[in-house]
Amino acid sequence: MAAPSLGNTSKNSRTGTSPDDLQAEPASSSSQRKSVPKSHLESVSRNLFAPFSHRKRDSHKILADLAPVIMTPKMMAHAQTVSVRPRAIGTSSTRPALDFATIGRTPMRLGLGARRTTSRELEVVETASDLLTAALPDASSPEDTCMPSLLRGFEATVPSADSARARRRATRNVDAPRLGLKRLSLGARGLMTEAAEEDVESEEDVVLVATRERGRRGRKKRGRESLSANKVFGREELERQTREIARDKENLHVRRSLLHSDIVEITSKIEALDAIRTRLEEDLLKLQEDELELDDELLMVQERLELETSKNSHSGSMHASLMASSRRRKGPAFLPSEHDELPPGVAFMTLECGSTPITSLDFSEPYGTLVTASQEDAHPRVWDLLSGEEIGRLRGHAGTVKTLQVEAHLCATGATDGVVRLWDLRRVEADAETSEWDLSDVLEEAEEEGEGAGVVVDRPRTKPNGTRSSGAPEEGPSGPCVRVLEGHSKAVTALYFESDTLVTGASDKTLRQWDLATGQCVMTMDILWAISHSSTMPAGHLPGATAAAGAFAVPTPPYADGSWELYQDFIGAVQSWEYALVSGSGDGAVRMWDMRTGQAHRTLLGHTGPVTCLQFDEIHVVSGSLDKSVRIWDLRTGGIFETVKYEHGVTALQFDSRKIVSATGENGIKIYNRTSMQHSTLSTNGHIRPVEKLRYMDRYLVSGGRDAAVRIWAL
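All of the points below concern the structure found in this document.

Quick notes on the rules
- Residues numbered from 1 in each chain as written.
- Predicted model: local features only at pLDDT ≥ 70, side-chain atom pairs only at ≥ 80, totals over all residues.
- Heavy atoms only, no water.
- Helix = DSSP H or I, 4+ residues; strand = E, 2+ residues; numbered from the N terminus.
- Buried < 20%, exposed > 50% of the residue type's maximum accessible area, 1.4 Å probe, protein only.
- Contact = heavy atoms within 4.5 Å.
- Areas by Shrake-Rupley, 256 points an atom, 1.4 Å probe, with all protein chains shown as cover.
- Pairing = 2+ DSSP bridges.
- Phe/Tyr/Trp six-rings, centres within 6.5 Å; stacked < 30°, edge-to-face > 60°.
- Axes fitted to C-alpha atoms, helices over the stretch in contact; angles between N-to-C directions.
- Parallel < 35°, antiparallel > 145°, perpendicular 65-115°, else oblique.
- Left-handed = near helix turned anticlockwise from the far one by under 90°.
- Nonpolar A, V, L, I, M, F, W, Y, C, P; charged D, E, K, R; others polar.

## Concerning the overall build of the protein
- Summing up its helical and strand segments, the protein has 16 helices and 30 strands in all.
- Taking all 715 residues of the protein together, 40% fall into the buried category.
- Contacts in the protein between residues far apart in sequence, at least 24 positions, make up 54% of those at least 6 positions apart.
- When the accessible area of the protein is evaluated, it comes to approximately 41,800 Å², of which 53% is carbon and sulfur surface.

## Remarks on unusual backbone geometry
- For A408, which is not glycine, the phi torsion reads 55° and is therefore positive.
- Tracing the backbone shows A408 in the loop between β6 (401–407) and β7 (410–415).
- Backbone geometry at A708 places phi at a positive 65°, although glycine is not the residue there.
- Among the structural elements, A708 can be located in the loop between β29 (700–705) and β30 (709–714).

## Observations regarding the pairing of strand β17 (residues 580–585)
- Buried residues dominate β17, accounting for five of its six residues.
- Sheet analysis places strand β16 (residues 571–577) next to β17, joined by six bridges and oriented antiparallel. Its bridge partner being in β17, V574 is matched across the sheet by S583.
- Linkage of β16 to β17, two consecutive antiparallel strands, is achieved through a turn of two residues, within which E578 is found at a positive phi near 55°.
- For β17 and strand β18 (residues 590–594), the ladder comprises five bridges, and the chain directions are antiparallel. The residue of β18 that forms the bridge with S583 is R591.
- The hairpin turn running from β17 into β18, its antiparallel successor, is four residues long, and G588 in that turn takes a positive phi close to 85°.

## What to know about the packing of aromatic side chains
- The final tally for this structure, using the stated rule, is six aromatic pairs.
- Consider the rings of F552 and Y567, whose centres lie 6.5 Å apart with planes at 80°: the pair is edge-to-face. Taken together, the positions of F552 in the loop between α16 (546–549) and β14 (554–555) and Y567 in strand β15 (residues 566–567) put the pair 15 residues apart, joining distant regions of the chain.
- Look at F552 and you get buried, because its relative accessible area is 10%.
- Taken together, F348, F363, Y367 and Y700 form an aromatic cluster joined through their ring pairs.

## Some points on the packing of helix α9 (residues 163–171) against helix α12 (residues 235–310)
- As a packed pair, α9 and α12 sit with axes 10 Å apart at the nearest point and diverge in direction by 140°. Taken as axis vectors, α9 and α12 run oblique relative to one another. Crossing hand, α9 versus α12: left-handed. For the pair α9 and α12, contact is made by A164, R165, R167, R168 and T171 and by E237, R240, Q241, E244, I245, D248 and L252, respectively.
- A per-class count over the contact of α9 with α12 returns three nonpolar, two polar and seven charged.

## What to know about the sheet that holds strand β21 (residues 620–625)
- Taken together, four strands build an open sheet; the order of strands is β20-β21-β22-β23 and the sheet is antiparallel. Taken across any chain shown, the strands that pair with only one partner, and hence form the sheet edges, are β20 (611–616) and β23 (640–645). Sheet twist, expressed as the mean angle between neighbouring strand axes with direction ignored, is 15°.
- Where strand β22 (residues 629–634) meets β23, five bridges bridge the pair, whose relative direction is antiparallel.

## Observations concerning the sheet that holds β6
- Strand order in the open sheet made by the four strands is β6-β7-β8-β9, with antiparallel pairing throughout. Both outer strands of the open sheet, β6 and β9 (481–486), are each paired with one neighbouring strand and no more. Recorded for the sheet is a direction-independent mean angle of 15° between the axes of neighbouring strands.
- As judged from the five bridges shared by strand β8 (residues 419–424) and β9, these two strands associate in the antiparallel manner. Within β9, the position partnered with W423 by the bridge is C481.

This is the structure in C-alpha cells:
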C-alpha cells in the first residue's frame, strides 16, 4: 500500500487538494445520506481510490483508442521482440518511464473488487492522459534501422496513410469542359457499336464543346493555354505537399522493410518445411526398405519350409541335400548373437593370404567355411570364419585358380590349367598335401605296386567328352577332391553351379554345361558362333579383331593406386537358373541363353568394356564392366533400367532388392542404395590397396584386395 500512497500524495500536490479535504468530502456526503461505513477497511479503501474513480471511463477510452494498435497479431508479434530491460535487484526508487510499448505489454485490470491493485496499474492510469496527448514515436531506434518500430509500421500500413496522396491528386484536378473521354476510350477499343451510340446517350457520353460567337469573321484562332497556367497553390500548400511527400516516402520505406521481413520469414518457413519434407521422404524410403526386407524374409521362410519338408526324402543324395544357390538366396541369415554388438560398416577381422592379390573367394555361410585363391598360387586356402584360422589347402590344380564357388560343404574351382575340380570341404585337413589324392596318382601308385605280382589295375576311364572321374580304388585313401572335369582348352575364368548343373566359361570362348551326377559335359555353347549369327551386334562392336582371331587381352583402367594389368578373361561371369543362362564376355555384351537349345536368344548391349561380373534375379540383370559402370537391365523390356557410374573399373558386385555392393578399383567398398539412390563407402579398418573380389550374405561381408588380405565386415 506504500506505492499507492505515494501516488496519491504526488497527485494531490499537483491538483492543490490536501488529504484532509479528500477525507472531508466523503464524510460530509455520508453524513448527508446518513449512512455509516460498515467497517474501517472499507472506509480506508474508499478514501485511497477516490481520486481515481472519475477516471474509470478514461481507462475504457484508453483501451478503445489503443486496441486497434496493440491488438493486431503482427503488432503483438513485434511487441514480443521488444527488448525488456532486466529489473535491478536493489531497492531503486527510479522506474523506467512508461511508453506505448509498455502500455501494450501491461494488462489493464482496473476493477476495484476483492483483487489487489498493483502500483504498476496505478501508474498506467496516471500516465494515460499524457500518452493520449503525446505524439506517436516517429522512427525506430538507430541500433534497429532494418526493422521499423511497432507503431511506425502500423502508421505506414493503415489505409489512411494514402490519404495525403489522394488529396494532392485532387488539388491537381482542373475544371475543364466535358470531353466524354470514357466514350472515346470504349469506341477506340471497339466496345460500342453505332446503334448503341444512337440509342443510348448518357451525360458522360456527350462531348460538350464550348463555342463563342466570333465578333469578327476574319479573326484568327489562338493557341490553347496549359491546364496548369492558372493554377496557384501558394507557399504554405507547397511546403505541406513537400512534407507529405517526404512522409509518403518514409511510409514506402517502412512498407518495403515489412515486406522484406515477411519474405525472409516466409523463406525461413519454406526452408523449415523443406527440411521436414526431406525427413519425411527419408522415413518413407526407410519404410520401403523395411517392406522389401520383409518380402525377402518371407521368401527365406518359405524356402526353409520347403527344405525341411523334403529333407527326409532326399537324405541319401549328396547333391539333393543342397538348398538353392546362396547367390539367389534372399532374406536374413543365421548369425551369432554377438554379431549384433559389432559396429556396422567396420572390418572386424583380417586374414592374411600370402603376398599376391586375391583372385577369387566365396564362403558357405556367415561364420562358416571360406575358400580364397590368390595369384601365382595354385592351391586355394580353406578358412574357418568362426575362429579365423586356416584349415588347409586344396591341392591339385597346376595353375592359378581364377574362379570358385562354395555351397554348403561342396566347392568348385576353375584354374588356368583348363580344369574344373569339385571338392568336399569336410575332408580338408591341416596337412592337405598328404590327404589329397587325384585319380591318376592313385592309379599310378597301384600299377607300380601290382607289377610282378599279377595284380590287375583298372586304367582311368577317359570319357568321350574329355571328362575323367577321380574316384579312387576302395583300398586307396580318399582326398577332398571328389571330381575332375576336363574339357576346356584354356583357362576357366567363370563358373556357377546349382543342384546337379554346373556351367563354366573359359578363355577358349566357350560355355560348357556339366552334369555333376555323372560328370559329363552335356552341352557346349560357342560365343564366337553366337557373335557371328547375332543380328543385334553392331559392326565393330568387338574391342578388336584379336578377339575373333584367338587372342584376347585388354589393359584394365588404372586402379586408384595407379597400377594396372592386362585383362585376359574373355568370359567374365556366368549365372544360371533352371534353363536360363546369362553370360558376360569381353566384347561388352550380356547374353541370355536357353540351355535346352544352346542358343543365345537375347543380347544386351550397352557396356563399352569387358563385362567382369554379373548377377540376375526374376526382374533385373546387374552387370559390372571395366568401362567404370554398373548397369541394371530390365528383363521384361531388355533395356537399361539404371546406370551407376564410378571412377574406376568394376571387378566384382552383388545385389539384392535394397542395395548393390561392388568393388570399383578403390580401397573402399561401394554400396549403392537402390531405394534412396545414395552412395556410401566401407573403408573403416579396411584394405590398403584396391578391392578385387567380394561376397556377402545378409549383414556379413567378405572382401579380398590387391593387398593379399581378406577382411570380414559387419553390415
